[in-house]
Amino acid sequence: MADTIDAYSIQNWLESCPQSYLMDTEYGHGPEEKEPDFILDNEVVLEETIKATVQLVVGERCALSASSGLINAAPDEASRRFLATQTLDEARHVEVFTHRLYDLGVKKQDLEGTIQRYANPNLVKFAEILLEKVDRKDFVSGVVGQNIVLEGMAFSVFEMMHAMNEPVNAKFAHTLSGTIADERRHVGFGENRIGSLIQQHPEKRPEVEQMQKEMSYFMLATFADAFRNNQTANELEAAGIERPHSEYQGVDLGTMEPEEMEQVLADTVLKEFKTRLGRIGIEYQTPARP
Amino acid sequence: MGTAPVREVHDLEHERFLEEVHSFEFWFHSVEGYLSGTTYGHREETVDDSPSGAVDRQHLITVLSNYCIGEMAALEGASGLIAIAPNQLTKIFLSTQVADEGRHLEVLLHRMRDLGVKYPAQEADRRASRGLKQFRHELLRLVQGRDWEAAIFAQNVILESLEFAVFRAHAEGADPVTKEILDGIIKDERRHIGFGENELGRRLHAAPHVRTRLARVREELDHLILDMLEDSSREIGVEPDRKAELARAYLQSVERLGFT
Amino acid sequence: MVDPLQSPEEVEGRTERRRFVLEETGFDEVPKRYRKFYRKWRGPGDQLGPNEAICPVCKVVIRSSRELWPGDRLYCMPCMSRLVVVESADGTLEARVSY
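Residues numbered from 1 in each chain as written. Chains lettered and ligands numbered in written order. Predicted model: local features only at pLDDT ≥ 70, side-chain atom pairs only at ≥ 80, totals over all residues.

Asker: So what exactly am I meant to see when it comes to the overall build of chain A here?
Answerer: On a plain count of helices and strands, chain A comes out with 12 helices and two strands. Over its C-alpha trace chain A gives a radius of gyration of 19 Å, about what one expects of a compact globule, namely 19 Å for 290 residues. Dimensions of chain A, computed from the C-alpha atoms along their principal axes, are close to 60 × 45 × 40 Å. Looking at chain A as a whole, 44% of its 290 residues qualify as buried. Within chain A, contacts between residues at least 6 apart in sequence are counted, and of these 80% link residues at least 24 apart. (Helix = DSSP H or I, 4+ residues; strand = E, 2+ residues; numbered from the N terminus. Rg over C-alpha atoms; globule rule 2.2 N^0.38 Å. Buried ≥ 20, exposed ≤ 12 C-beta atoms within 10 Å, placed from the backbone. Contact = placed C-beta atoms within 7 Å.)

Asker: What should I look at first to understand the overall build of chain C in this one?
Answerer: Helices and strands together make up the secondary structure of chain C, namely zero helices and six strands. When burial is assessed residue by residue, chain C has 34% of its 99 residues classed as buried. Expressed as a percentage of contacts within chain C between residues at least 6 apart in sequence, the contacts between residues at least 24 apart total 39%.

Asker: Any chance you could explain the packing of helix 8 (residues 139-165) of chain A against helix 10 (residues 205-228) of chain A here in plain terms?
Answerer: Helix packing geometry: the angle between the two helix axes and the distance between the axes. Residue and element names in this part refer to chain A. Contact pair helix 8 / helix 10: the axes reach a minimum separation of 10 Å and the direction vectors enclose 30°. Put simply, helix 8 runs roughly parallel to helix 10. Handedness of the helix 8/helix 10 crossing: right-handed. Contact residues: Val140, Ser141, Val144, Gly145, Val149 and Met153 in helix 8; Glu207, Val208, Met211, Gln212, Met215 and Met219 in helix 10. A breakdown of the residues in the contact of helix 8 with helix 10 according to their chemical character gives eight nonpolar, three polar and one charged. (Axes fitted to C-alpha atoms, helices over the stretch in contact; angles between N-to-C directions. Parallel < 35°, antiparallel > 145°, perpendicular 65-115°, else oblique. Left-handed = near helix turned anticlockwise from the far one by under 90°. Nonpolar A, V, L, I, M, F, W, Y, C, P; charged D, E, K, R; others polar.)

Asker: Where do I start with the sheet that holds strand 4 (residues 73-76) of chain C in this structure?
Answerer: Pairing between sheet strands relies on hydrogen bonds along the backbone, with the strands arranged either parallel or antiparallel. All names here are of chain C. In spatial order, the strands read 4-5-6; together these three strands make up an open sheet with antiparallel pairing. Strand pairing shows two members of the sheet lacking a second neighbour, strand 4 and strand 6 (93-97), which therefore form its edges. Taking the axes of each pair of neighbouring strands and ignoring which way they run, one obtains an average angle of 40° across the sheet. Of the pairings in the sheet, the one linking strand 4 to strand 5 (residues 81-87) comprises four bridges and is antiparallel in character. In the sheet register, Cys76 faces strand 5, and the bridge partner there is Ser81. (Pairing = 2+ DSSP bridges.)

Asker: What exactly am I supposed to notice about the interface of chain C and chain B here?
Answerer: A common way to express how large an interface is: the accessible area buried when the components associate. With 25 residues of chain C at the contact, the number on the chain B side is 28 residues. Where the side of chain C that touches chain B is concerned, the elements lending two or more residues are strand 4 and strand 5 of chain C. Counting residues per element, the side of chain C that touches chain B draws most heavily on strand 4 of chain C, which supplies four residues. Of the residues that constitute the side of chain C that touches chain B, the class distribution is 16 nonpolar, three polar and six charged.

Asker: I keep staring at the pairing of strand 6 of chain C and nothing clicks. Help me out?
Answerer: The two faces of the sheet receive side chains in turn, since in a regular strand these alternate between them. Residue and element names in this part refer to chain C. As defined by bridge partners, strand 5 adjoins strand 6 across five bridges and the pair is classed as antiparallel. When the bridges of strand 6 are listed, Val85 appears paired with Ala95. Counting the residues in the hairpin turn of strand 5 and strand 6 gives five residues, including Gly91, whose phi is positive at 90°.

Asker: What's the story with the interface of chain B and chain A in this structure? I'm lost.
Answerer: Facing 29 residues of chain B, the contacting portion of chain A comprises 27 residues. Breaking the side of chain B that touches chain A down by element, the ones donating at least two residues are helix 2 (24-35), helix 3 (54-84) and helix 4 (88-114) of chain B. If you tally residues by element for the side of chain B that touches chain A, the top one is helix 4 of chain B, at 11 residues. A per-class count over the side of chain B that touches chain A returns 12 nonpolar, 11 polar and six charged.

Asker: Hey, could you run me through the nonpolar core in this one?
Answerer: Looking at soluble globular proteins, one finds that nonpolar side chains tend to be buried together. Judged by nonpolar contacts, the single largest core of 167 residues is most densely connected at Cys68, Ala154 and Leu162 of chain B together with Cys55, Ile62, Cys76 and Met77 of chain C. Not counting residues up to four positions away in its chain, the partners in contact with Cys68 of chain B are Leu105, Leu108, Leu109 and Ala124 of chain B. (Core = buried A, V, L, I, M, F, W, Y, C linked by C-beta atoms within 7 Å.)

Asker: Would you take a moment to explain the packing of helix 4 (residues 43-71) of chain A against helix 6 (residues 111-118) of chain A for this structure?
Answerer: Residues and elements named next belong to chain A. Running from N to C, helix 4 and helix 6 point in directions that differ by 95°, and their axes come no closer than 9 Å. One element, helix 4, and the other, helix 6, form an angle in the roughly perpendicular class. When helix 4 is examined against helix 6, the residues Ile50, Lys51, Val54, Val57 and Val58 are found in contact with a partner set consisting of Thr114, Ile115 and Tyr118. Taken together, the residues of the contact of helix 4 with helix 6 sort by class into six nonpolar, one polar and one charged.

Asker: Would you mind going over the sheet that holds strand 2 (residues 52-54) of chain C with me for this structure?
Answerer: Residues and elements named next belong to chain C. Sheet architecture is open: three strands sit in the order 1-3-2, paired in antiparallel fashion. The two strands at the open ends of the sheet, each matched to only one other strand, are strand 1 (38-40) and strand 2. Pairs of neighbouring strands in the sheet enclose a mean axial angle of 30°, with direction left out of account. Where strand 2 meets strand 3 (residues 60-63), three bridges bridge the pair, whose relative direction is antiparallel. Each bridged residue has a counterpart across the sheet, and for Glu52 the counterpart in strand 3 is Arg63.

Asker: Where do I start with the confidence of the model for chain C in this structure?
Answerer: Regions with low pLDDT carry predicted coordinates that are not meant to be interpreted in detail. Residues and elements named next belong to chain C. Residues with a pLDDT of 70 or more make up 86% of chain C, whose mean pLDDT is 84. The weakest mean pLDDT in chain C belongs to strand 6 at 90; the strongest belongs to strand 4 at 95. Throughout residues 1-10 the model reports pLDDT below 50, and contacts reaching past four residues in sequence, or to other chains, amount to 13 contacts. Here the predicted complex scores 0.88 on pTM and 0.90 on ipTM. (pLDDT = per-residue confidence, 0-100.)

Asker: Mind showing me how you'd approach the arrangement of the chains here?
Answerer: The pair of protein chains exhibiting the most contacts, out of two pairs of chains in contact, is chains A and B. No part of chain A reaches chain C; the closest C-alpha pair between them is 12 Å apart.

Asker: Before we go on, may I ask you to explain unusual backbone geometry in this structure?
Answerer: Leaving glycine aside, a negative phi is the common case for residues, and trans is the common case for peptide bonds. Its identity is not glycine, yet Gln249 of chain A carries a phi of approximately 55°, on the positive side. Secondary-structure assignment places Gln249 of chain A in the loop between strand 1 (247-248) and strand 2 (251-252). Even without being glycine, Arg146 of chain B reaches a positive phi, approximately 60°. Judged by C-beta crowding, with 12 C-beta atoms within 10 Å, Arg146 of chain B ranks as exposed.

Asker: Would you mind going over the environment of Glu272 of chain A with me for this structure?
Answerer: The topology assignment puts Glu272 of chain A in helix 12 (residues 258-279). Residues Glu272 of chain A and Gln199 of chain A, spaced 73 residues apart in sequence, show a C-alpha to C-alpha distance of 21 Å.

Asker: Looking at this model, I keep getting lost on the environment of Asp89 of chain A. Mind explaining?
Answerer: Residue and element names in this part refer to chain A. Relative to the helices and strands, Asp89 is located in helix 5 (residues 77-103). Residue class for Asp89 comes out buried when judged on the 26 C-beta atoms lying within 10 Å of it. As a C-alpha pair, Asp89 and Val134 span 45 residues in sequence and 18 Å in three-dimensional space.

Asker: What exactly am I supposed to notice about the confidence of the model for chain A here?
Answerer: Averaged over all residues, the pLDDT of chain A equals 91, while 96% of them reach at least 70. Across residues 1-5 of chain A, confidence stays below pLDDT 50; counting only partners more than four residues off in sequence or on other chains, it has two contacts.

Written out as structure tokens, the structure reads:
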């Protein structure tokens, strides 16, 4: 038990983040790193990039509300303190992705308007399902929804984005690698802490499974909107810019159509859900495909 | 803001200043200054000269128990406040406060463990004063009632000012490890009381009618605070003439906001 | 209307402010690039320089690279307060919180 408490401690957070991968960063990246010209100079690519970044801000705002809201529902001190560090991580993510919007040219006074204009309604519904559980102080559902479903999705999305950005956008890849490192702790907490709580509260299973099914549906709908209507690939092709041949889950993203990329991401996330949920004793529910 | 040298910080536009000080980046580089090289709030090499006599040791454990419950209330309060914070910047600042409060609770519980307490959270709950527990209850009631001004007043002005005053007084005569732990906490508290006072000050300036409601909250909480101050002064061995000084430190912040 | 936070150009006939080169004094509660603007207050016997004021909220000494005059704006980063320099009844300068 002592090891578990230490892993959830703020001391552990201080040693893992400030004294490690966040050292010498500024808003999540190196002070000299900049967004590349092929994004800033092309109106269509720029708008798509802003749109994608808005979804990250929306997701992280939801994570911030959920992790802070769960602190007062936590049944033990170690969980409370872990969630305190997670709250801080999520706030940092909100901040770094917001700063990316500024770096992409969004004016500070237009931030909320830009978020409202581009926030995907399916992602908003996804968030609402989770936040309803948090509002009711339902710790088990809240942590599964937050640390397994939301964080599991974010983990895979960030990994895919990282693979796509690493060869062409060192700045954003750097930001993403820091957030991925944070997500590792969050999904780990979700599995380890909730595994034992589910055993103590087997009656919670049906409700948690239904929540996973609903959240998964809106997640897939968000992916569908994000990939199917995305003009970035066409625009880069028209401009004669070759897409990088990044590898993700064993496939070459540089040669795939957006719909194929959507499929790879959706399959990866759902497979992860199934594995993680199985480990904590929750039966994965296949969502409808939008 | 970048890492470039700053010629004159006081020339910043106010909005830019607030954006800077409420950010994660600011918090991160601030705590780095005084927390790096520490473990559970103190340097490894600091000699643990904690009271060896059973009575003094038990006394210190009781004092730390009260601090733990105060920090627990602050952690619960700050995390609950995020949901009702009026904008993103404020939410981000409160997230740093949540981490600060969680850290305080952690280092204090750890200190109790160092002093031989096997289950510090339970022991803290058992030993803490009734007034403090009542205050915790009242604070959470305000947070759950989604009353932003009243909750910020209770948490970041009243509770934090009290802690600031008591911790400073205690640190002066504490053993070296406890002193280092308290000094680190005091540095965090500066941000919290400053945030509360300035946030409320701006709001009272823009909406003076809020003052009547807050005066009522203060009236409800004042007797608890003064009782807590009395208990704390006795526990940490504050001389009678310094007791008034402690009370003044607390009262000054509420007076600056126009509550007499 | 005159912004009370703007520095006046003249105070009692003096038009030139003294300038100060600030150096770090070991204050570690704000990011490195801001540390030279603050120092610890050493208690009632601590003599403040003409470019220094005590923050009434958190009791840290705030420093400026120029001599302080009434009406000047100061920021206390450790407690995130905006202050304005005023002349107190005894003729000394003090900082007051400006919400």
